[in-house]
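# Geometric and topological summary
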Amino acid sequence: MAQVSRYNLRLAQASRYNKDVPKVTFSNLNRTVEFESGKLPYDDHGKPESLLDVAMNFGITLEHACGGSCACTTCHVIVKEGTDGALTPPDEDELDRLDTAPGLTLHSRLGCQAIVKGDVIVEIPAWNINYVSEGGGSMNLGDAIPPAKSLPPKDIAH
Ligand code: FES
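Thresholds, definitions, all that
- Residues numbered from 1 in each chain as written.
- Predicted model: local features only at pLDDT ≥ 70, side-chain atom pairs only at ≥ 80, totals over all residues.
- Pairing = 2+ DSSP bridges.
- Helix = DSSP H or I, 4+ residues; strand = E, 2+ residues; numbered from the N terminus.
- Axes fitted to C-alpha atoms, helices over the stretch in contact; angles between N-to-C directions.
- Buried ≥ 20, exposed ≤ 12 C-beta atoms within 10 Å, placed from the backbone.
- pLDDT = per-residue confidence, 0-100.
- Contact = placed C-beta atoms within 7 Å.
- Core = buried A, V, L, I, M, F, W, Y, C linked by C-beta atoms within 7 Å.

### Things to note about the sheet that holds strand β4 (residues 108-110)
An order of β2-β1-β5-β3-β4 is seen for the five strands of this open sheet, with the pairing classed as mixed. Looking at which strands have only one partner, the edges of the open sheet turn out to be β2 (31-34) and β4. Across the sheet, the mean angle from the axis of one strand to that of its neighbour is 35 degrees, orientation sign disregarded. In terms of strand pairing, strand β3 (residues 76-82) meets β4 through three bridges, oriented antiparallel.

Following this line, the structure appears as structure tokens:
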């Protein structure tokens, strides 16, 4: 009986561990990182603990031409596997922006908007990796950056 209790305790600890210490695998870079939820230092890379924020914290280059403000698609990633609720769901702004992403798939996300909540495996599109490895950078993307969304004119109170 004590064996079963100890086993159940270990199972509970293991599931808590996965939730509180999510693992992010960047599959085509052969890199897996993990961090304690709520404890990742934030340096203005998209939403706190987003895939972009996680990547930047661990020295993994993920292009982010607009600085993580959902105004480009250069942080595009493809989710290969994820536990239930491993990423926050996309909001309307992210979905609208994703519609303009080259190589869009049903599992595409913007790295700066998808907040990590559990274990997830993502792939960075090859064109993005090639671009960065060939010396490209946020300042040189030119036409790859779609124009910012136009906002409706503000009402002016008189
Ligand atoms: Fe521009 Fe994510 S960095 S949308």
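### Description of the pairing of strand β1 (residues 23-26)
Burial of the side chains of β1 is restricted to one face: Val24 and Phe26 are buried, whereas none of Lys23 and Thr25 on the reverse face is. Note that β1 and β2 share four bridges and pair antiparallel. Residue Thr25 lies in a different strand from β2, and its bridge partner there is Thr32. Bridging between β1 and strand β5 (residues 120-123) involves three bridges; their strand directions are parallel. Counted as the bridge partner of Phe26 is Val122 from β5.

### Describing the confidence of the model for the chain
The pLDDT averaged across the chain works out to 81; a share of 69% of its residues lies at or above 70. Counting interchain partners and residues more than four positions distant, the pLDDT-below-50 stretch residues 139-151 has 10 contacts.

### So, unusual backbone geometry
Even without a glycine there, the phi angle at Asn30 is positive, about 55 degrees. Mapping Asn30 onto the fold places it in the loop between β1 and β2. Backbone geometry at Asp44 places phi at a positive 65 degrees, although glycine is not the residue there. Tracing the backbone through its elements, the reader meets Asp44 in the loop between β2 and α2 (51-57). Assessed through the 10 C-beta atoms surrounding it within 10 Å, Asp44 is described here as exposed.

### Re the nonpolar core
Nonpolar side chains tend to gather and get buried jointly when the protein is soluble and globular. Grouped together as the largest cluster of nonpolar side chains are 20 residues, with contacts concentrated most on Val24, Leu51, Leu52, Ala55, Cys75, Val116 and Val120. Contributions of two or more residues to this core are made by β1, α2 and β5. The dominant element in this core, judged by the number of residues it contributes, is α2, at five residues.

### Description of the environment of Asp20
Here Asp20 is to be found in helix α1 (residues 2-20). Take Asp20: there are 13 C-beta atoms within 10 Å of it, and that puts it in the partly exposed class. Each C-alpha atom of the pair Asp20 and Glu36 lies 5.8 Å from the other, and the pair is 16 residues apart in sequence.

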